Amino acid sequence: MTFRKALAGDLQAVVALTQAAYGHYTALLGAPPIPVSEDYAPRIARGEVWLLESDAEVAGLIVLEKHPDHAMIFSVAVSPAFQGKKLGIALLDFAGEQAVTWGVPEVRLYTNARMERNIALYTAYGFRETGRRENPYRPGWMVVDMAKAVDKTTAS
């Protein structure tokens, strides 16, 4: 497995993987989750999208924004063909390593309050809930904000 920044030519793969990974949440939420409707071209151009590849096949991706005091995970997605292989953990580990490289003290993320499985996974990984708020883009949806301090000893 290798990580690399997504390139403009990877746009369709990013969109397809995101749709496949988040697809089952559409029924739960009554609409596609925010990452499914995102325009990834600007994010790729800004260098915010990293791909996790297995033998040149895109197995997962992470969208990570650099902020002055934190790294913000916008999306973590694992291809259904690769789920159950702890690649989500590898992507979260990568976010922590990137935060150390950027010199920021924590990684933040937010998720839909109805995505209880995700909240449990993030909590088990060491994220703590920092608050809940209305989603400004989807009335009626609640967002759970979470954060995790980075472990500077794990930087490679």
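Residues numbered from 1 in each chain as written. Predicted model: local features only at pLDDT ≥ 70, side-chain atom pairs only at ≥ 80, totals over all residues. Heavy atoms only, no water.

1. A short note on unusual backbone geometry
Here is step 1: Of note, the phi angle at Ala-56 is positive, near 70°, even though the residue is not glycine.
Here is step 2: As for its position among the elements, Ala-56 is in the loop between strand S2 (49-54) and strand S3 (57-67).
Here is step 3: For Ala-56, a relative accessible area of 70% corresponds to the exposed category.
Here is step 4: The phi dihedral of Lys-86 is positive, around 65°, even though this residue is not glycine.
Here is step 5: When you line up the elements, Lys-86 lands in the loop between strand S4 (70-78) and helix H5 (87-102). (Helix = DSSP H or I, 4+ residues; strand = E, 2+ residues; numbered from the N terminus. Buried < 20%, exposed > 50% of the residue type's maximum accessible area, 1.4 Å probe, protein only.)

2. Section: the nonpolar core
Nonpolar side chains in soluble globular proteins tend to be buried together.
Here is step 1: Core analysis: the largest hydrophobic core is formed by 28 residues, its most contacted members being Ile-62, Ile-73, Val-107 and Phe-127.
Here is step 2: No other element matches H5, which puts seven residues into this core.
Here is step 3: Setting aside its immediate chain neighbours within four residues, Ile-73 contacts Ile-62, Val-63, Leu-64, Leu-92, Ala-95, Val-107, Arg-108, Leu-109, Tyr-110 and Phe-127.
Here is step 4: The next biggest cluster of nonpolar side chains, apart from the first, holds 19 residues, and it includes Val-14, Ala-21, Val-63 and Trp-141. (Core = buried A, V, L, I, M, F, W, Y, C linked by side-chain atoms within 4.5 Å. Contact = heavy atoms within 4.5 Å.)

3. A closer look at the pattern of salt bridges
Here is step 1: Taken as a whole, this structure holds 10 salt bridges when the rule is applied.
Here is step 2: Between Arg-4 and Asp-10 there is a salt bridge whose closest N-O contact spans 2.8 Å.
Here is step 3: Owing to a relative accessible area of 26%, Arg-4 belongs among the partly exposed residues under this scheme.
Here is step 4: Residue class for Asp-10 comes out buried when judged on its relative accessible area of 12%. (Salt bridge = Lys/Arg side-chain N within 4 Å of Asp/Glu carboxyl O.)

4. Here's the deal with the packing of aromatic side chains
Here is step 1: Tallied over the full model, the rule gives six aromatic pairs.
Here is step 2: Summarising the aromatic geometry, the rings of Phe-3 and Phe-94 are spaced 4.3 Å apart at their centres and angled 15° between planes, so their arrangement reads as stacked. Of this pair, Phe-3 sits in strand S1 (residues 2-5) while Phe-94 is found in helix H5, placing the two residues 91 residues apart along the sequence.
Here is step 3: Given the relative accessible area of 31%, Phe-3 is considered partly exposed.
Here is step 4: Joined through ring pairs, the aromatic side chains of Phe-3, Trp-50, Phe-94 and Trp-102 make up one cluster.
Here is step 5: Sitting over the face of the ring of Tyr-110, Arg-133 holds its NZ or CZ atom 5.5 Å from the ring centroid.
Here is step 6: The ring of Tyr-125 has Lys-148 sitting right over it, with the charged end atom 4.0 Å from the ring centre. (Phe/Tyr/Trp six-rings, centres within 6.5 Å; stacked < 30°, edge-to-face > 60°. Lys NZ or Arg CZ within 6 Å of the ring centre and 35° of its normal.)

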